[in-house]
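Here's the letter readout for the chains.
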Number of protein chains: 4
Amino acid sequence: MSPRSKKLSEQMKAESRKAILNASLKLFAKKGYSATTTDEIARKAKVSKGLIFSHFSSKEDILFSIIDENVERWLPIAIDTDENLSPKEKIISLINSMMNLLKTEPDLIRLSLRLNLDESYRKIIEKRGKELMEKFLSRVRNLFKQLGSKNPDLDCYLFMFLFDGISANYTVAPDLFPIEPIKEHFFKVMFTYLKKK
Amino acid sequence: MSPRSKKLSEQMKAESRKAILNASLKLFAKKGYSATTTDEIARKAKVSKGLIFSHFSSKEDILFSIIDENVERWLPIAIDTDENLSPKEKIISLINSMMNLLKTEPDLIRLSLRLNLDESYRKIIEKRGKELMEKFLSRVRNLFKQLGSKNPDLDCYLFMFLFDGISANYTVAPDLFPIEPIKEHFFKVMFTYLKKK
Amino acid sequence: MSPRSKKLSEQMKAESRKAILNASLKLFAKKGYSATTTDEIARKAKVSKGLIFSHFSSKEDILFSIIDENVERWLPIAIDTDENLSPKEKIISLINSMMNLLKTEPDLIRLSLRLNLDESYRKIIEKRGKELMEKFLSRVRNLFKQLGSKNPDLDCYLFMFLFDGISANYTVAPDLFPIEPIKEHFFKVMFTYLKKK
Amino acid sequence: MSPRSKKLSEQMKAESRKAILNASLKLFAKKGYSATTTDEIARKAKVSKGLIFSHFSSKEDILFSIIDENVERWLPIAIDTDENLSPKEKIISLINSMMNLLKTEPDLIRLSLRLNLDESYRKIIEKRGKELMEKFLSRVRNLFKQLGSKNPDLDCYLFMFLFDGISANYTVAPDLFPIEPIKEHFFKVMFTYLKKK
DNA sequence: AATGAATGAGCGTTCATTCAT
DNA sequence: TATGAATGAACGCTCATTCAT
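As the structure is a prediction and not an experimental result, all values here were calculated from the model. (Residues numbered from 1 in each chain as written. Chains lettered and ligands numbered in written order. Predicted model: local features only at pLDDT ≥ 70, side-chain atom pairs only at ≥ 80, totals over all residues. Heavy atoms only, no water.)

Some thoughts on the overall build of chain A
Helix and strand counts for chain A come out as 10 helices and 0 strands. Helices and strands appear in chain A in the N-to-C order α-α-α-α-α-α-α-α-α-α. Structurally, chain A occupies a C-alpha span of about 75 × 35 × 30 Å along its principal axes. Counting every position in chain A, which comprises 197 residues, the buried fraction comes to 48%. A separation threshold of at least 6 residues defines the contact pool for chain A, and within that pool the share at least 24 residues apart is 70%. Summing over all exposed atoms, chain A offers an accessible surface of approximately 10,100 Å²; the carbon and sulfur share of this is 53%. Taking the average location of the 35 positive side-chain charges in chain A and that of its 26 negative ones, the two points are 2 Å from each other. (Helix = DSSP H or I, 4+ residues; strand = E, 2+ residues; numbered from the N terminus. Buried < 20%, exposed > 50% of the residue type's maximum accessible area, 1.4 Å probe, protein only. Contact = heavy atoms within 4.5 Å. Areas by Shrake-Rupley, 256 points an atom, 1.4 Å probe, with all protein chains shown as cover. Lys, Arg positive; Asp, Glu negative; His and termini not counted. Charge placed at Lys NZ, Arg CZ, Asp CG, Glu CD.)

Printed below as a string of structure tokens:
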């Protein structure tokens, strides 16, 4: 009986950890953090209940880990990645990034929306994502300014609101709200408005 | 000598019932249905825990009562009230109604947004508000058509999404997102877009 | 507005008290003391919940009142009423009395059987009916002795057991166990047995 | 390093389950189902309250499990086990079986008597034990027929009533009603009566 | 005498968390 | 690392009892 190689063991550990995070994300997104039990997480992740608490110190720790380990997904949204594009191309690229995140990680977005509506978690999330959010806002504000906006602050807000609204509906009923036509319309409305100015 | 007069008794009952509903709405909106305990409701409503269950058969019954007894608040949003207005005036009036509801009943809107994000409650809420929602959607679609929209369906959706996004942010941080400037900007964007067509 | 005459008032009070006792007896007999709520009693007695506690100091007080106010019903069973009868006639009369009580007051008998099976109430009931029970036992023992029994103690017990068994079945399913044929058979078995000696 | 062996784990689970069933049976028998709290069961079974509900879905489930898992104890009473015996030997054997069950499982019998007196549980119990009861009754009826009974139905009922009556008294006060002398007397009465015919 | 709204201790049950293996 | 039996605080809810009228 040779001991499991350290590498394999670590890989298994990482896998079970990932399974727990994935299961939790799905459940938190669909049922909410409070309504999700650790039993359900264990069942969905196909691990024992005990293992959850060897990976995470508490149920809340799972939630925070989900948040922390997914912050980087927002990076292409928050940070300008290609400086060679024109402002218009940049905003197209931004919207594409956002819609892409929505399409590939609907549960993450849904969970964000949930947490944002929550008195106690909102603040925590805000703190952990503050820097990113500020970067995002300043980036969008800047883009609108470059595109000739007279009120980049409000344009920026409305832009953000629209994305939140799309997310809130798409994540709960993707079949009812097909993302591609909505995205195309988003572009049309936005450029009609911006050109007018 | 005699029992409490029927009128007084009924008034007392109605008052305590209202207190429970008010407290519950606030807590459900801010903490979520699952995270709110009946103890908290009782404390906030300044009644005993037992009284809650002499008014409502379960915690869920409180939630459903809140929904059912607030449906009529959506009426001015769902139903065209003044036929003498022009399409433009009508949409202004509609947005005013919506923003007004948001300003006067932020907790109700916040709760709706929460429930809409929830897998199990979404369906229940959907069923109870189906008729109203259909009326609202057909009304908005019609208005966009009258205003020359080439794609009233998508315009209607975007309109709805924008309102959801505004609501999601305003209800959690009214100080951060002042409703009046946002409303004005909403008008400006919308009419710029519509006129262009 | 003349005050209600004292007599009428007292009569009303007695009536509501009786209604509570009747309703309680039925419910205690069928559902058991613990499983019966004061709400149910009030509903069945068609009085308010408050009135129950103006007549009785507690739920238990209702139970004890039922017991105390029905002790006299056992008198013809416990006490020899007609000294002119022969031993055989006496035992026939006794069985008739017992079967009659069973027929007219099945709920009272059923409640007694229940309380007798209960660890805590058994003792209380025993104390309150001790004198009566002793009179009954000595009476039956005596009768068996007069009828030539060689072991009046055990005959007396078996007699009592048989009545308990009949009661336990008749009170829960009177249609299944018709009392008259059972009584006739009871007589036959008993006299066959006694004659043999 | 490794989780508790499957065998040990299953044994632990079976033991705690049995402890809960044993404690519940005792308490249900002595205090009644409604008057017994899950706290008491946990205390008596020396387990935590939570463990009860990992074994059973509800308090009622404990009750039904007790019933279902003890049905086989009635088998020697319901079913003729030795075909080589004479009718008289058979009835002696039957009574011995019954008295033996009473002596070894007084709480089970006491609980049966309680449930039989109960409006709602009677029906449930009846359904679950219907087959067995019918076998028992037809067996006893047959025996009485073979022993020359002119009315085996009523003889069978009286036999059953007598056993119920003995049970009702023995289970609550075994010291007051010594089972052996009572059994002997039961035999004497029965055979005196049967021979007479 | 009578009402029923109101109370709160305590019920059955759930669930995050621990721990022996 | 991994298990799942075990825990107990806290949950939703019930119910005997009180009290203003």
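A closer look at the packing of helix α9 (residues 152–170) of chain A against helix α9 (residues 152–170) of chain B
Packed helices, taken two at a time, are described by the angle between their axes plus the distance between the axes. Viewed as axis vectors pointing N to C, α9 of chain A and α9 of chain B meet at an angle of 105 degrees, and their least axial separation amounts to 7 Å. Judged by the angle between their axes, α9 of chain A and α9 of chain B are roughly perpendicular. When α9 of chain A is examined against α9 of chain B, the residues L158, M160, F161, L162, D164, G165, I166 and N169 of chain A are found in contact with a partner set consisting of L158, M160, F161, L162, D164, G165, I166 and N169 of chain B. Class assignment for the residues of the contact of α9 of chain A with α9 of chain B results in 10 nonpolar, 4 polar and 2 charged. (Axes fitted to C-alpha atoms, helices over the stretch in contact; angles between N-to-C directions. Parallel < 35°, antiparallel > 145°, perpendicular 65-115°, else oblique. Nonpolar A, V, L, I, M, F, W, Y, C, P; charged D, E, K, R; others polar.)

A word on the relation of the copies chain A and chain B
Taken as rigid bodies, chain A and chain B are interconverted by a rotation of 180 degrees and an axial shift of 0.0 Å, the fit giving an RMSD of 0.1 Å. Such a turn and shift between the copies fits a two-fold axis. Both copies share a contact surface, since 100% of the interface residues of chain A are interface residues in chain B too. (Least-squares fit on C-alpha atoms with pLDDT ≥ 70 in both.)

Examining the packing of helix α8 (residues 119–146) of chain B against α9 of chain B
Residues and elements named next belong to chain B. Interaxial distance between α8 and α9 falls to 8 Å at its minimum, and their mutual angle equals 120 degrees. Judged by the inter-axis angle, α8 sits oblique to α9. In this structure, α8 crosses over α9, and the sense of that crossing is right-handed. Of the residues in α9, those in contact with F136, L137, V140, R141, F144 and K145 of α8 are P152, D153, D155, C156, F159 and M160. Taken together, the residues that form the contact of α8 with α9 break down as 8 nonpolar, no polar and 4 charged. (Left-handed = near helix turned anticlockwise from the far one by under 90°.)

Considerations on the confidence of the model for chain A
Across chain A, the average pLDDT comes to 91, with 96% of residues at 70 or higher. In the model of chain A, helix α5 (residues 75–78) of chain A stands out as the element of lowest mean pLDDT, 86, in contrast to helix α2 (residues 38–45) of chain A, which has the highest, 98. (pLDDT = per-residue confidence, 0-100.)

Topic: the interface of chain C and chain D
Facing the 39 residues of chain C at the interface are 39 residues of chain D. Joining chain C to chain D, the criterion identifies 2 salt bridges. R114 of chain D is the salt-bridge partner of D118 of chain C, the closest N and O atoms lying 3.0 Å from each other. For the interface between chain C and chain D, the tally reads 13 residue pairs in polar contact (both at pLDDT 80 or more). Counting residues per element, the ones that place at least two in the side of chain C that touches chain D are α1 (6–31), α7 (106–116), α8 (119–146), α9 (152–170) and α10 (179–196) of chain C. For the side of chain C that touches chain D, the leading source of residues is α9 of chain C, giving 12 residues. (Salt bridge = Lys/Arg side-chain N within 4 Å of Asp/Glu carboxyl O. Polar contact = N/O pair within 3.5 Å; in protein donor to acceptor, adjacent residues only side chain to side chain.)

Looking at the interface of chain A and chain B
Listed per partner, the contact involves 39 residues of chain A and 39 residues of chain B. Between chain A and chain B the total buried area reaches about 3,800 Å² when both faces are included, carbon and sulfur atoms providing 70% of it. Per-residue buried area on chain A facing chain B is highest for L117, L158 and F161 of chain A; these three make up 19% of the total on that side. Connecting chain A to chain B are 2 salt bridges. Our count for the contact surface shared by chain A and chain B stands at 13 residue pairs in polar contact (both at pLDDT 80 or more). (Buried area = accessible area lost by both parts, 1.4 Å probe.)

Focus: the side chain of E40 of chain B
All names here are of chain B. The topology assignment puts E40 in helix α2 (residues 38–45). Look at E40 and you get buried, because its relative accessible area is 18%. A polar atom in the side chain of E40 sits 2.9 Å from the backbone nitrogen of T37. Apart from residues no more than four positions distant in its own chain, E40 is found in contact with L27, K31 and A35.

Side note on the relation of the copies chain C and chain D
After a rotation of 180 degrees and a shift along the axis of 0.0 Å, chain C superposes on chain D with an RMSD of 0.1 Å. By residue overlap, the copies meet face to face through one surface: 100% of the interface positions of chain C are interface positions in chain D.

Re the arrangement of the chains
One finds no contact linking chain A with chain C; the least C-alpha distance across the pair is 33 Å. In this assembly chain B lies apart from chain C, the nearest approach of their C-alpha atoms being 10 Å.

Comments concerning the environment of A14 of chain C
You can see A14 of chain C is positioned in helix α1. In this structure the C-alpha to C-alpha distance between A14 of chain C and H55 of chain C, which are 41 residues apart in sequence, comes to 9.5 Å.

Topic: the pattern of salt bridges
One pass over the full model with this rule turns up 48 salt bridges over all chains. Linking D153 of chain C and R141 of chain C is a salt bridge whose minimum nitrogen-to-oxygen distance equals 2.7 Å. Of this pair, D153 of chain C sits in helix α9 while R141 of chain C is found in helix α8, placing the two residues 12 residues apart along the sequence. Owing to a relative accessible area of 41%, D153 of chain C belongs among the partly exposed residues under this scheme. When salt bridges that share partners are traced, they join K103, E180 and K183 of chain A into one network.

Looking at the packing of aromatic side chains
This model, assessed by the stated rule, comprises 36 aromatic pairs over all chains. Residues F161 of chain C and F177 of chain D carry aromatic rings whose centres are separated by 5.4 Å and whose planes lie at 70 degrees to one another, so their mutual orientation is edge-to-face. On the criterion of chain membership, the pair formed by F161 of chain C in helix α9 and F177 of chain D in the loop between α9 (152–170) and α10 (179–196) is interchain, its members lying in two chains. Among the residues examined, F161 of chain C registers a relative accessible area of 0% and is labelled buried. (Phe/Tyr/Trp six-rings, centres within 6.5 Å; stacked < 30°, edge-to-face > 60°.)

Re the side chain of S167 of chain D
Looking at where S167 of chain D falls in the secondary structure, it is placed in helix α9. In this view, S167 of chain D contacts L102, I109 and L113 of chain D; residues no more than four positions away in its chain are not counted.

Things to note about α2 of chain B
Among all positions in α2 of chain B, only T38, E40, I41, A42 and A45 of chain B are buried. Positive phi appears at K46 of chain B, one or two residues downstream of α2 of chain B, with a value of about 55 degrees.

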